Amino acid sequence: MLKVFKTLKPYMKGEGLVFFLGILALILVDSFQLLIPRIIKRAVDALSFGRANTSLLLKLGLFIIVITIGIVITRFIWRYFIIGISRRMEKRLRRAFYKHLQTLSPGWYAKHKIGDLMALATNDLEAVRMMVGIGMVATFDAVFLMVASLAMMIIINPKLTLYVIIPLPVLSVVVGFFGKILHRRFKLVQESFATLTDRVREIVSGIRVVKSYARQDFETERFKDISKDYVHKNIRMIIIGGMFEPLIGLVVGFSFAMVLLFGGRGVILASMSMGDFVAFNSYLGLLIWPMIAVGWVINLYQRGKASLDRIVEIFEQEPDIVDTPDAIELEEIEGKIEFRNLTFRYNPELPPELQDINFTIQPGEFVGITGRTGSGKSTLIALIPRLYDPPQGTVFIDDVDVRNVKLSSLRSKISITPQDTFLFSASLLENIKFGNVDIPDEKAIEAAKIAQLDKDVSDFPNGYETMIGERGVTLSGGQKQRLSIARAIVLDLPILILDDALSAVDTETENAILEKLIDTRRGKTTIIISHRVSALQNASKVIVLDRGKLVEQGTHNELLDEKGYYFELYQMQQIQSELNSDE
Ligand code: ATP
Ligand code: MG
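### Quick look at the overall build of the protein chain
The helix and strand inventory of the protein chain stands at 20 helices and 10 strands. Relative to a compact globule of 583 residues, whose C-alpha radius of gyration would be 25 Å, the protein chain shows 36 Å and is clearly more extended. In the protein chain, which comprises 583 residues, the share counted as buried stands at 44%. Intrachain contacts of the protein chain at a sequence separation of at least 6 include 76% that bridge at least 24 residues. Distance between charge centroids for the protein chain: 15 Å, based on 67 positive and 66 negative side chains.

Here it is, written out as C-alpha cells:
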C-alpha cells in the first residue's frame, strides 16, 4: 500500500489542499446522511406517542429537504475534487509513460508487441486511476460510514447491533469473491473484443489483398467464429453479474430479518421505542454500502496494483541508446563520415550483418551504396544517427566517434528517408514539415519542387493543404516516396541519406530529382542507396555491399572496369532499358 502511494506520489504533487477539501466534503456528506435517521426517529416517536402536530412534521420535513440539498452539493464537491485528482494523476502518468516510450530504441520496439503497449496506455492506466480516485473515496467513505453507523446503532441498542452485523462480513466476502470472477470474465470479454476489432481493422485495411485473393468467404467465416466467441464470453459474464445482486440482497435480507425479529420484539416489550426501531433500520441500511465497498475496494486495489506494476516495469526499461556522461555537442560539422573496422550484429546471439567495413565519405561528397537485398545497406546507414548503436570506435563523424556525441546533437545533423516511409494523418504541408514545424511554407514547397512532387500537388483538391492518410487522399507509392524525400531535404542538414527512396519513381523523374538534388546539396554530404545504376552513376563513389561485406568501391567507370556485381547490375539494367525502348 505504502509502495503504491510512493510510486504515485510524484504524479499527485500539489493536490494536498484539493484532497483535504474533497475529504472534508465527503465527511460532510456522510454526516448529513447520518443525520436523516435521527430526524425520522423524532417524527416516528412523536407520532407513536401522539405528540405530533402538523407544524412539527412540516419542520422536520423541511429539515430533511435542506439536508438532502446539502448532500447533493457536498457530494458534487467531493466528486469534483477527488475524481479530479485521479484524472490529473492519470494525465501526468500517461504523459510520463508516453515520454518514456519515446526514449526507447527501435530495437526495443522490435521486441515488444504494440498491442500490449496500447493496453498499458489504456486499460492499465485506467485501473490505476480507478484505484486512486474511486478507491480512495470508497475507503474513506466506507470507514467513516461504518464506524459512525455502528456507533449510532450501538447507542440505540448494543445487543441488537451485535445480532445484525453477524451476516454483514459475508457481504464483503461475496462482493470480493464474485467481483474477482466477474472481473476475470470481463477481461476475457475485453480480450475477445480486442481480437474482434483487430480482425476488423486488418480486414478493412487489407481489403484489397483479401479481394484480390478472393478470400472474402474465408474471412467472413473466420469472423463468424470470433464473433461467436465474443457473445459466448459475454454470456458467461452476464451469468455471474446476474447472480451478484440477488446474492447481496439475500445477505442484506438476513440482517433486516434479524432487526425485524429482535428489534420488533423489543418494540412490543417496550424496551425499544418505535422511533429507535425505524432509525436502527435506517442505520443498518447505511451500513450495507461500506460492507460492499470493502470487497470492492480490495479488488480495485489489487487490479490497480497489478496494472501499476506493469506500468512501472516499462518505466524501469532503461533506454539502451543513451548519451555517455561526457558526450559532446557537435557544433557546425563538415560532414565527413568514416567507418573503421565496423562489425555489427543486431543481437549478440545473431551472426554479424556487417563485417570489417572500412571506408570514408569526404565532406560534401555524393556517395552511392548498392548491393543485393539483405546485404546490410539499411543497417549500415542506421548506425550513423545511432538508431542502433555501433561498437565503440567504428563510426565517426568529422573524426568524432558517434558514440561520444550527444544523440540530439548527432541526429540534428542528419536527415534520412527511411526505406519504409511513414506518413501521418495530416496535411501534405505538415507532413513535409514534420522534421521542423517552423520551416516557412515557401521552403517546404521549394523542397516539394525538388522532389518533383509539385506537379502532383496541383491535382489535389486543396493543394498543399490536402489531408493525406486515413481521412484524406491516398498517395501512390511514388508520391509517398517523393513526399518523404521532400521531408528530408527541406531540413537542409549537413548529411542527407536517401534509403532506396527512388525505387517507385520512373527513371525520368528520378533523373529530374537527382539533377536538382545534386545542385542543392552542393558542398553537403549526400548518400543514396539504390538498386538502380541510373541513380548511382553521378556519385563520386559507389560502395557495393554483399552479405555484410564491402566488396567493391569506386566511381561508376572504375566499377564497370572491375566487372563485378556493379557491372552485372549495369548490364542487366542496360538490357532492360533497351527492351523498354524497343516496345
Ligand atoms: P534491401 O535492399 O532489401 O533494403 P538491405 O541491404 O537494406 O536490404 P538490411 O535491411 O540492412 O538490408 O538487412 C540486412 C540483414 O539484417 C538482413 O538479413 C535482415 O534480416 C537483418 N536485419 C535487418 N533489420 C534487423 C533488425 N532490426 N533485427 C535483426 N535483424 C535485422
Ligand atoms: Mg534496405
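Additional details are given in the paragraphs that follow.
### A word on the site of ligand 1
If you check the shell around ligand 1, you find 13 residues, and the closest are Thr373, Lys377, Ser378, Thr379 and Gln419. A distance of 3.3 Å separates a nitrogen atom of ligand 1 from a polar atom in the side chain of Tyr346. Contact distances for ligand 1 include 2.6 Å between an oxygen atom and a side-chain N or O atom of Thr373. Compared with its free state, where it exposes 640 Å², ligand 1 has 66% of that area covered by protein. For the shell around ligand 1, the per-class residue count stands at 2 nonpolar, 8 polar and 3 charged.

### Observations concerning helix H16 (residues 477-489)
Taking 1.5 Å of rise per residue, the 13 residues of H16 would be expected to cover 18 Å, and the 19 Å separating its terminal C-alpha atoms lies within 8% of that figure. Buried residues dominate H16, accounting for 11 of its 13 residues. Among all positions of H16, only Gly478, Gln479, Gln481, Arg482, Leu483, Ser484, Ile485, Ala486, Arg487, Ala488 and Ile489 are buried. Check the buried side of H16 and you find it contacts strand S6 (414-417), helix H13 (428-432), helix H14 (441-450), helix H15 (454-457), strand S7 (495-499) and helix H17 (507-520).

### Considerations on the pattern of salt bridges
Summed over all chains, the structure comprises 27 salt bridges. Between Arg222 and Glu219 there is a salt bridge, with its nearest N and O atoms 3.7 Å apart. With Arg222 and Glu219 both in helix H9 (residues 216-268) and 3 residues apart, this pair spans about one turn of that helix. Ionic pairing is found between Asp229 and Lys233, a salt bridge with its closest N-O pair at 3.2 Å. Remark: Lys233 and Asp229 occur in helix H9; sequence separation between them is 4 residues, near one turn of the helix. Overall, Asp229 belongs to the partly exposed group, its relative accessible area being 30%. Lys233 sits in the partly exposed class, given a relative accessible area of 21%.

### Here's the deal with the packing of helix H6 (residues 158-165) against helix H10 (residues 274-315)
Pairs of packed helices are described in terms of their axes, by the angle between the two and the distance that separates them. Here H6 crosses H10 at 40 degrees, and the two axes come no closer than 12 Å. If you check the angle between H6 and H10, you find them oblique. The interaxial crossing formed by H6 with H10 has right-handed handedness. Two secondary-structure elements touch here, H6 through Leu160, Thr161, Val164 and Ile165 and H10 through Phe280, Leu284 and Leu287. When grouped by side-chain class, the residues that make up the contact of H6 with H10 number 6 nonpolar, 1 polar and no charged.

### Looking at a nonpolar patch on the surface
A cluster of nonpolar side chains, contributed by Leu58, Leu62, Ile65, Ile69, Val72 and Ile73, occupies part of the molecular surface with about 600 Å² of accessible area. Structurally, the position occupied by Val72 is in helix H3 (residues 54-103). Since its relative accessible area comes to 55%, Val72 is described here as exposed.

### Let's talk about the packing of helix H5 (residues 114-156) against H10
The geometry of H5 relative to H10 is characterised by a closest axis approach of 5 Å and an angle of 155 degrees between their N-to-C directions. Our classification of the angle between H5 and H10 gives roughly antiparallel. Two packed elements cross with a definite hand, and for H5 against H10 that hand is left-handed. Split into classes, the residues belonging to the contact of H5 with H10 amount to 34 nonpolar, 5 polar and 6 charged.

### Thoughts on the coordination of the magnesium ion (ligand 2)
The magnesium ion (ligand 2) binds to the protein through Ser378 (OG) and Gln419 (OE1), with metal-donor distances spanning 1.9 to 2.2 Å. One end of the pair, Ser378, is in helix H11 (residues 377-382); the other, Gln419, is in the loop between S6 and H13, and 41 residues separate them in sequence.

### Examining the pairing of strand S10 (residues 549-554)
For strand S9 (residues 541-546) and S10, the ladder comprises 5 bridges, and the chain directions are antiparallel. The partner of Ile543 across the bridge, within S10, is Gln553. Hairpin connection between S9 and S10: a loop of 2 residues separates the two successive antiparallel strands, and Arg547 in this loop has a positive phi of roughly 45 degrees.

### Details of the packing of aromatic side chains
Tallied over the entire structure, the rule returns 15 aromatic pairs. Taken together, a centroid distance of 4.3 Å and an interplanar angle of 25 degrees make the contact between Tyr163 and Phe262 stacked. On the criterion of sequence distance, the pair formed by Tyr163 in helix H6 and Phe262 in helix H9 is long-range, its members being 99 residues apart. Exposure remark for Tyr163: the relative accessible area of 30% places this residue in the partly exposed category. For the pair Phe193 and Tyr230, a centre-to-centre distance of 5.7 Å together with 40 degrees between the ring planes defines the contact as tilted. Taken together, the positions of Phe193 in helix H7 (residues 168-205) and Tyr230 in helix H9 put the pair 37 residues apart, joining distant regions of the chain. Judged by its relative accessible area of 24%, Tyr230 falls in the partly exposed class. Within the aromatic cluster, the residues linked to one another by ring pairs are Phe76, Tyr80 and Phe81. The ring centre of Phe218 lies 4.1 Å from the NZ or CZ of Arg215, which sits over that ring.

### Some points on the domain arrangement of the protein chain
How big an interface is tends to be stated in terms of the accessible area lost upon association of its parts. Taken domain by domain, the protein chain holds domain 1 (16-198 + 236-315), domain 2 (321-413 + 495-583) and domain 3 (419-492). Put simply, the middle of domain 2 and the middle of domain 3, counted by C-alpha atoms, are 24 Å apart. The interface is formed by 18 residues belonging to domain 2 together with 13 residues belonging to domain 3. For the pair domain 2 and domain 3, the two sides together bury roughly 1300 Å², of which 62% comes from carbon and sulfur. Our count for the domain 2 to domain 3 interface comes out at 1 salt bridge. When the shortest N-O distance is used, the salt bridge between Lys524 and Asp492 registers 2.9 Å. On inspection of domain 2 and its partner domain 3, the count reaches 6 residue pairs in polar contact (both at pLDDT 80 or more). Looking at the side of domain 2 that touches domain 3, the elements that each hand over two or more residues are S7 and H17.

Definitions and cut-offs
Residues numbered from 1 in each chain as written. Chains lettered and ligands numbered in written order. Predicted model: local features only at pLDDT ≥ 70, side-chain atom pairs only at ≥ 80, totals over all residues. Heavy atoms only, no water. Helix = DSSP H or I, 4+ residues; strand = E, 2+ residues; numbered from the N terminus. Rg over C-alpha atoms; globule rule 2.2 N^0.38 Å. Buried < 20%, exposed > 50% of the residue type's maximum accessible area, 1.4 Å probe, protein only. Contact = heavy atoms within 4.5 Å. Lys, Arg positive; Asp, Glu negative; His and termini not counted. Charge placed at Lys NZ, Arg CZ, Asp CG, Glu CD. Near = heavy atom within 4 Å. Polar contact = N/O pair within 3.5 Å; in protein donor to acceptor, adjacent residues only side chain to side chain. Areas by Shrake-Rupley, 256 points an atom, 1.4 Å probe, with all protein chains shown as cover. Nonpolar A, V, L, I, M, F, W, Y, C, P; charged D, E, K, R; others polar. Expected span 1.5 Å × (residues − 1). Salt bridge = Lys/Arg side-chain N within 4 Å of Asp/Glu carboxyl O. Axes fitted to C-alpha atoms, helices over the stretch in contact; angles between N-to-C directions. Parallel < 35°, antiparallel > 145°, perpendicular 65-115°, else oblique. Left-handed = near helix turned anticlockwise from the far one by under 90°. Patch = residues over 30% accessible without salt bridge, like charges linked within 9 Å, V, L, I, M, F, W, Y side chains within 5 Å. Donors = N, O, S within 2.8 Å, 3.2 Å for Na, K, Ca; no water. Pairing = 2+ DSSP bridges. Phe/Tyr/Trp six-rings, centres within 6.5 Å; stacked < 30°, edge-to-face > 60°. Lys NZ or Arg CZ within 6 Å of the ring centre and 35° of its normal. Domains from an automatic or database assignment. Buried area = accessible area lost by both parts, 1.4 Å probe.

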